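# Structural features, examined
Given next are the chains, with one letter for each unit.
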Amino acid sequence: MLVRGAAPGSTRYALRVAYDGTRFKGWQVQPGGARTVQGELNAALRTRFGGADIPTLGASRTDAGVHARGQCAHADLPVAPLDGAPLELLEHQINRLLPDDARVHDLRPAPAPQAWQAREGLPWHAIANAAGKRYAYRLTARRGSADPLGRLYRGHVAYRAVDFGRLDDALACFVGEHDFAAFANNAPGVDPSGAARSTTRSIRSATLLDEGGGDATLTFELDGALYKMVRNVVGAAVAVADGALPRDAIPALLAPGARRADNPAKAAPACGLCLEEVYYDDY
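Residues numbered from 1 in each chain as written. Predicted model: local features only at pLDDT ≥ 70, side-chain atom pairs only at ≥ 80, totals over all residues. Heavy atoms only, no water.

### Brief notes about the overall build of the protein chain
- When helices and strands are tallied, the protein chain shows 6 helices and 10 strands.
- Whereas a compact globule of 283 residues would reach a radius of gyration of roughly 19 Å, the protein chain reaches 20 Å, a difference of no more than 12%.
- With the C-alpha coordinates aligned to their principal axes, the bounding extent of the protein chain is approximately 60 × 45 × 35 Å.
- Each of the 283 residues in the protein chain was classed as buried or not, and the buried ones make up 47%.
- Put simply, 70% of the contacts in the protein chain that link residues at least 6 apart link residues at least 24 apart.
- When the accessible surface of the protein chain is split by element, carbon and sulfur atoms take 52% of a total near 13400 Å².
- Placing the 32 positive and 31 negative side-chain charges of the protein chain at their respective mean positions leaves the two points 5 Å apart. (Helix = DSSP H or I, 4+ residues; strand = E, 2+ residues; numbered from the N terminus. Rg over C-alpha atoms; globule rule 2.2 N^0.38 Å. Buried < 20%, exposed > 50% of the residue type's maximum accessible area, 1.4 Å probe, protein only. Contact = heavy atoms within 4.5 Å. Areas by Shrake-Rupley, 256 points an atom, 1.4 Å probe, with all protein chains shown as cover. Lys, Arg positive; Asp, Glu negative; His and termini not counted. Charge placed at Lys NZ, Arg CZ, Asp CG, Glu CD.)

### A closer look at the packing of helix 1 (residues 37–48) against helix 2 (residues 85–97)
- Remark: helix 1 packs on helix 2, axes separated minimally by 9 Å, with the N-to-C direction vectors making an angle of 120 degrees. Judged by the inter-axis angle, helix 1 sits oblique to helix 2. When the axes of helix 1 and helix 2 are compared, the crossing they make is right-handed. Residues Leu-41, Ala-44, Leu-45, Thr-47 and Arg-48 of helix 1 form the contact with helix 2, whose own contacting residues are Leu-90, Gln-93, Ile-94 and Leu-97.
- The residue makeup of the contact of helix 1 with helix 2, split by class, is 6 nonpolar, 2 polar and 1 charged. (Axes fitted to C-alpha atoms, helices over the stretch in contact; angles between N-to-C directions. Parallel < 35°, antiparallel > 145°, perpendicular 65-115°, else oblique. Left-handed = near helix turned anticlockwise from the far one by under 90°. Nonpolar A, V, L, I, M, F, W, Y, C, P; charged D, E, K, R; others polar.)

### Focus on helix 4 (residues 164–172)
- Inspection of helix 4 places Phe-164, Leu-167, Ala-170 and Leu-171 among the buried residues, and these make up the whole buried set. Down the axis of helix 4, the sector holding all buried residues measures 115 degrees, keeping them to one side.
- Looking at the packing, one finds that the buried side of helix 4 touches strand 5 (130–141), strand 8 (200–212), strand 9 (215–222) and helix 5 (229–241). (Arc of directions from axis to C-beta.)

### What about the pattern of salt bridges?
- The full count for this structure, using the stated rule, is 15 salt bridges.
- In this structure, Asp-76 and Arg-12 form a salt bridge, with 2.8 Å as the shortest nitrogen-oxygen distance. Of this pair, Asp-76 sits in strand 3 (residues 67–77) while Arg-12 sits in strand 1 (residues 11–19); the two residues are 64 residues apart in sequence, bridging distant segments of the chain.
- Taking the relative accessible area as the measure of exposure, Arg-12 reaches 7% and is therefore buried.
- Of the charged contacts in the structure, one is a salt bridge between Glu-277 and Arg-134, with a shortest N-O distance of 3.2 Å. Taken together, the residues Glu-277 in strand 10 (residues 273–280) and Arg-134 in strand 5 connect sequence positions 143 residues apart. (Salt bridge = Lys/Arg side-chain N within 4 Å of Asp/Glu carboxyl O.)

### Here's the deal with the nonpolar core
- Membership of the largest hydrophobic core comes to 79 residues, with the highest contact counts inside it found for Val-17, Leu-41, Leu-77, Phe-174, Phe-180, Phe-183 and Phe-220.
- When residues no more than four places from it in sequence are discounted, the contact partners of Leu-77 are Ser-10, Thr-11, Tyr-13, Leu-45, Phe-49, Ile-54 and Leu-90. (Core = buried A, V, L, I, M, F, W, Y, C linked by side-chain atoms within 4.5 Å.)

### A closer look at the environment of Glu-221
- Checked against the element boundaries, Glu-221 lands in strand 9.
- Placed 89 residues apart in sequence, Glu-221 and Gly-132 show a C-alpha to C-alpha distance of 7.2 Å.
- Only 3.0 Å separates the side chain of Glu-221 from the side chain of Tyr-279, close enough to count as a polar contact. (Polar contact = N/O pair within 3.5 Å; in protein donor to acceptor, adjacent residues only side chain to side chain.)

### Thoughts on the packing of aromatic side chains
- Summed over the entire model, instances satisfying the criterion amount to 7 aromatic pairs.
- A centroid spacing of 6.4 Å and a plane angle of 80 degrees characterise the contact between Tyr-19 and Phe-24, whose relative ring orientation is edge-to-face. Taken individually, Tyr-19 and Phe-24 each receive the classification buried, so the pair is uniform in this respect.
- These aromatic residues form a ring-pair network of at least three members: Tyr-19, Phe-24 and Trp-27. (Phe/Tyr/Trp six-rings, centres within 6.5 Å; stacked < 30°, edge-to-face > 60°.)

### Details of the pairing of strand 3
- Among the 11 residues of strand 3, 10 are classified as buried, and the element is accordingly described as predominantly covered.
- Alignment of strand 1 against strand 3, held across 8 bridges, turns out to be antiparallel. If you follow Tyr-19 over to strand 3, its bridge partner there is Ala-68.
- Inspection of the sheet shows strand 2 (residues 56–58) paired to strand 3 by 3 bridges, in the antiparallel sense. Each residue of the ladder has a partner; that of Thr-56, found in strand 3, is Ala-75.
- Bridge count for strand 3 against strand 10 is 2 bridges, and the pairing is parallel. (Pairing = 2+ DSSP bridges.)

### Thoughts on unusual backbone geometry
- At Asp-106, a position not held by glycine, the phi torsion is positive, near 55 degrees.
- Examined against the element boundaries, Asp-106 turns out to sit in strand 4 (residues 102–109).
- Overall, the relative accessible area of 30% leaves Asp-106 in the partly exposed class.
- Phi at Lys-228 takes a positive value of approximately 60 degrees, unusual for a residue other than glycine.
- On the secondary structure map, Lys-228 appears in the loop between strand 9 and helix 5.
- On the basis of relative accessible area, Lys-228 is assigned to the partly exposed category, the value being 22%.

Below you can see the structure in the form of C-alpha cells.
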C-alpha cells in the first residue's frame, strides 16, 4: 500500500538490510509474535526514538529461512534530513539495538519521488520505485551429507550428483516474461480495484556457476517474484536435471492456466536462497 507522504514532522529514509534468515520466520511482521526481521527492525527504531511507533516497509517479503544482503526498506523517522557523520552515528545506534543476525547499512534520506508520485503527493517508496531484484541460490548435490560448514546457507537439493549442464539448460526455459502461477505457493490476491493481481513476471537472466564438488550458485535477475517463486523454479530445474521431470514440462507449466497443483516439483530449501540486491534508478 502506498502511503501519502511521510508522517508529519518526519523524514522518509531509505536503508539496506542484511540478515541471516536462519532463525527468522521471514521478513514481514506476523500475528502471534513470531520472530521476523521487520519486527526486530521496528523494535530497534522504537527504542532509539523513545517509544515512537515507526513502521518499516521492505521491498521484498522474504519467507522463513531466506537470507538477504541487499534488502531495501523505507521508514519515516522523526528527525530532520541528516548527512555525513550524524547519519553514520544513527546507523550505528540502530545496529547496536539489532540482534547479531541483522544489520542495516547505506541509511540515507530517501530519493525524491518520481514525477508520477509527485503528481499524486506520494513519497519515494521501497516497493513502488524498485526496478528489479537479484537473487542467488546456492545449492549442493552430493552423494554424502552436505558440508556442515555450509548447511545453513546452501540448499541440499540431491543426495547424488546432478547434471549441471541439464540444470543450466532447464534454467533457460524460465528466462523471459511468463505466467509463473504454477511456481507460486499461494494466490496473489487482488489489487485495490478488486481485480486479480497478475502472476506474470519477467526473469531477465538465470545463470549457473559450477563451483565444483557438487556445489553451484544460480543467479536470477528479475523484475519481481511471487511467493516462493524462485525456490520453486530452482526445484523444477533440479527435477529436470535429475531426470524426475521432463524438460518439455517446463513450457507447459509456464503457459497461462497452469497452477501450482500441476507442478510436481518441490520448492528448493529456503536456506539456499539469498536476496542479493534490490535495484533502483536513484538509490
